[in-house]
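The primary structure of each chain is shown beneath.
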Amino acid sequence: MLDRRTLTRTLGLGAAAAVLPAGAAAAAPAARPPRTGDPEAAVPGAHPAFTGLKQVRAGVLDIGYAEVGPAHGPVVICLHGWPYDIHSFAEVAPLLADAGHRVIVPYLRGHGTTAFLSPTTVRNAQQSAIALDIIALMDALKIQRAVLAGFDWGSRTAGIIAALWPERVTAVVPVSGYLVTHLPSQRDPLPPKAEHTWWYQFYFATERGRAAMETPRNRRDLCRLVWEEVSPTWHFDDATFERTAAAFDNPDYAAIVIHNYRWRLGLADGERRYDRYERLLAARPVITVPALTLDPALDPFLSTTDGTGYRRYFTGPYEHRVLPGVGHNAPQEAPAAFARAVRDAVRL
């Protein structure tokens, strides 16, 4: 989830570019039902899903991803968080495709059909490693520049790429703004209410928490509880959750999730080959590309939703919006508003 506080070739990440279909040749979401009522809200009981997922070898991974829209359209890469998957964008993607965008929605490392190429690769989930996965994906698909849009882990990843590789980013749409992890700040306690919201982070610091993530039933129950707590007005059904929970069965899922949260608390080491990037991120680099930040009004991780806490990190063309009545999983709870923000960010 969020930060507790607010090149490719060097690492050998720009390797193969062969795309291997993991199903049907084309990737598109199933037909979505007509909307009724609030045009900003997701349709309860609707289960649009991506079909014809693809695979591509990129860096240390074989990345699974969905692709929607015209092959030569301007690219948007949508990045999910934890405990979610690509289906957070199942309604966003066709809206962007209808507007002429080529939309790429990858499974992050440890999720869904994304797999490590070697059994000996460290199951590392520090922030720069995940960002470099997306750079490698862009290289493998021969995408020079893209709009990056995401929430949670995906928001952090988009922000890191925009800060360190601005030449690869057309615009950025990060939910909750600037989420680059600043490790020194992670040592400082938060107010008790805020610490309580992060209960699972401290659970994952224990071996008991690791065991829960390694046990399928416990893992599903824990992730569902997080959905309920951080999206208090989102009335998803069993089928919606189970569609995403299938991505948690990846054999590396528990290791990736546990390492991510332990690393952010300073309880697990990163890899030395990422040190140069982490040093740059420790300086809290600004984001100069066009940015449209989104704050969900009901996200319990946000102390305020006016964007003032992170405004100084965005020095290029900028706009901030609040999503009323929306919790943490912004793209799935308010797909129309999220898609509109992506379209508008390009015009900043």
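These lines cover the structure that appears in this document, whether it is placed above or below. None of the values given here were measured: they were computed from a predicted structure.

Some details on the side chain of Gln 126
Here is step 1: Along the polypeptide, Gln 126 turns up in the loop between β8 (115-116) and α2 (127-140).
Here is step 2: Side-chain polar atoms of Gln 126 contact the side chain of Glu 278, separated by 3.1 Å.
Here is step 3: Setting aside residues up to four positions removed in sequence, Gln 126 forms contacts with His 259, Trp 263, Gly 270, Glu 271, Tyr 274 and Glu 278.

Considerations on the pattern of salt bridges
Here is step 1: The full count for this structure, using the stated rule, is 18 salt bridges.
Here is step 2: Residues Arg 109 and Asp 133 are paired through a salt bridge, measuring 2.6 Å at the closest nitrogen-oxygen approach. Residue Arg 109 is located in the loop between β7 (102-106) and β8, and its partner Asp 133 is located in helix α2; the two are separated by 24 residues in the primary sequence. Neither residue differs from the other here; Arg 109 and Asp 133 are each classed as buried.

Some remarks on helix α10 (residues 275-282)
Here is step 1: Residues of α10 that are buried include every one of Tyr 277, Glu 278 and Leu 281, and no others. Projected down its long axis, α10 carries its buried residues within an arc of 100 degrees, all on one side.
Here is step 2: Phi for Arg 284, located one or two positions after α10, is positive at around 55 degrees.

Details of the packing of aromatic side chains
Here is step 1: All chains considered together, the criterion is met by 27 aromatic pairs.
Here is step 2: Here Trp 82 and Tyr 200 contribute two aromatic rings whose centre-to-centre distance is 5.2 Å and whose plane-to-plane angle is 40 degrees, an arrangement assigned as tilted. Of the two residues, Trp 82 is situated in the loop between β6 (75-79) and α1 (92-98) and Tyr 200 in helix α5 (residues 199-203); the sequence distance between them amounts to 118 residues. The same class applies to Trp 82 and to Tyr 200, which are both buried.
Here is step 3: On the basis of an interplanar angle of 40 degrees and a centroid distance of 5.7 Å, the ring pair of Trp 165 and Tyr 277 is categorised as tilted.

Quick notes on the side chain of Thr 157
Here is step 1: Secondary-structure assignment places Thr 157 in helix α3 (residues 153-164).
Here is step 2: For Thr 157, a relative accessible area of 2% gives the class buried.

Structural notes on the environment of Phe 338
Here is step 1: Its location among the elements puts Phe 338 in helix α12 (residues 335-346).
Here is step 2: Note on Phe 338: relative accessible area 0%, which makes it buried.
Here is step 3: The sequence separation of Phe 338 and Phe 89 amounts to 249 residues, and the corresponding C-alpha distance is 9.4 Å.
Here is step 4: Once residues within four sequence positions are removed from consideration, Phe 338 is found in contact with Phe 89, Val 92, Ala 149, Gly 150, Val 175, Leu 294 and Pro 331.

A look at the nonpolar core
Here is step 1: Counting residues in each nonpolar core, the largest one holds 108 residues, and the members touching the most others are Phe 50, Ile 77, Trp 82, Phe 204 and Met 213.
Here is step 2: Here the element with the most residues in this core is α2; it accounts for ten residues.

Topic: the packing of helix α6 (residues 207-214) against helix α9 (residues 253-264)
Here is step 1: Where α6 meets α9, the closest approach of the two axes is 8 Å, and the angle between their N-to-C directions is 145 degrees. As α6 packs across α9, the resulting crossing turns out to be right-handed. Where α6 approaches α9, its residues Glu 207, Gly 209, Arg 210, Met 213 and Glu 214 are matched on the opposing element by Tyr 253, Ala 254, Val 257, Ile 258 and Arg 262.
Here is step 2: The residue inventory of the contact of α6 with α9, partitioned by class, reads five nonpolar, one polar and four charged.

Quick word on the pairing of strand β4 (residues 54-58)
Here is step 1: Judged by how many residues are buried, β4 sits mostly within the fold: four of five residues are covered.
Here is step 2: Two elements, β4 and strand β5 (residues 61-68), share five bridges in a ladder whose sense is antiparallel. Along β5, the bridge assignment pairs Gln 55 with Gly 64.
Here is step 3: Counting the residues in the hairpin turn of β4 and β5 gives two residues, including Gly 59, whose phi is positive at 65 degrees.

Structural notes on the environment of Ala 337
Here is step 1: Along the chain, Ala 337 turns up in helix α12.
Here is step 2: Placed 245 residues apart in sequence, Ala 337 and Val 92 show a C-alpha to C-alpha distance of 9.0 Å.

Comments concerning unusual backbone geometry
Among all residues save glycine, negative phi is the norm, and among peptide bonds the norm is trans.
Here is step 1: At the junction of Trp 82 and Pro 83, the peptide bond is cis and its omega measures out at 0 degrees in the coordinates.
Here is step 2: When you line up the elements, Pro 83 lands in the loop between β6 and α1.
Here is step 3: The backbone phi angle of Lys 142 is positive, close to 55 degrees, even though this residue is not glycine.
Here is step 4: Take Lys 142: it is sitting in the loop between α2 and β9 (146-150).

Criteria and thresholds
- Residues numbered from 1 in each chain as written.
- Predicted model: local features only at pLDDT ≥ 70, side-chain atom pairs only at ≥ 80, totals over all residues.
- Heavy atoms only, no water.
- Helix = DSSP H or I, 4+ residues; strand = E, 2+ residues; numbered from the N terminus.
- Polar contact = N/O pair within 3.5 Å; in protein donor to acceptor, adjacent residues only side chain to side chain.
- Contact = heavy atoms within 4.5 Å.
- Salt bridge = Lys/Arg side-chain N within 4 Å of Asp/Glu carboxyl O.
- Buried < 20%, exposed > 50% of the residue type's maximum accessible area, 1.4 Å probe, protein only.
- Arc of directions from axis to C-beta.
- Phe/Tyr/Trp six-rings, centres within 6.5 Å; stacked < 30°, edge-to-face > 60°.
- Core = buried A, V, L, I, M, F, W, Y, C linked by side-chain atoms within 4.5 Å.
- Axes fitted to C-alpha atoms, helices over the stretch in contact; angles between N-to-C directions.
- Left-handed = near helix turned anticlockwise from the far one by under 90°.
- Nonpolar A, V, L, I, M, F, W, Y, C, P; charged D, E, K, R; others polar.
- Pairing = 2+ DSSP bridges.

Distances and angles like these do not, on their own, reveal function.
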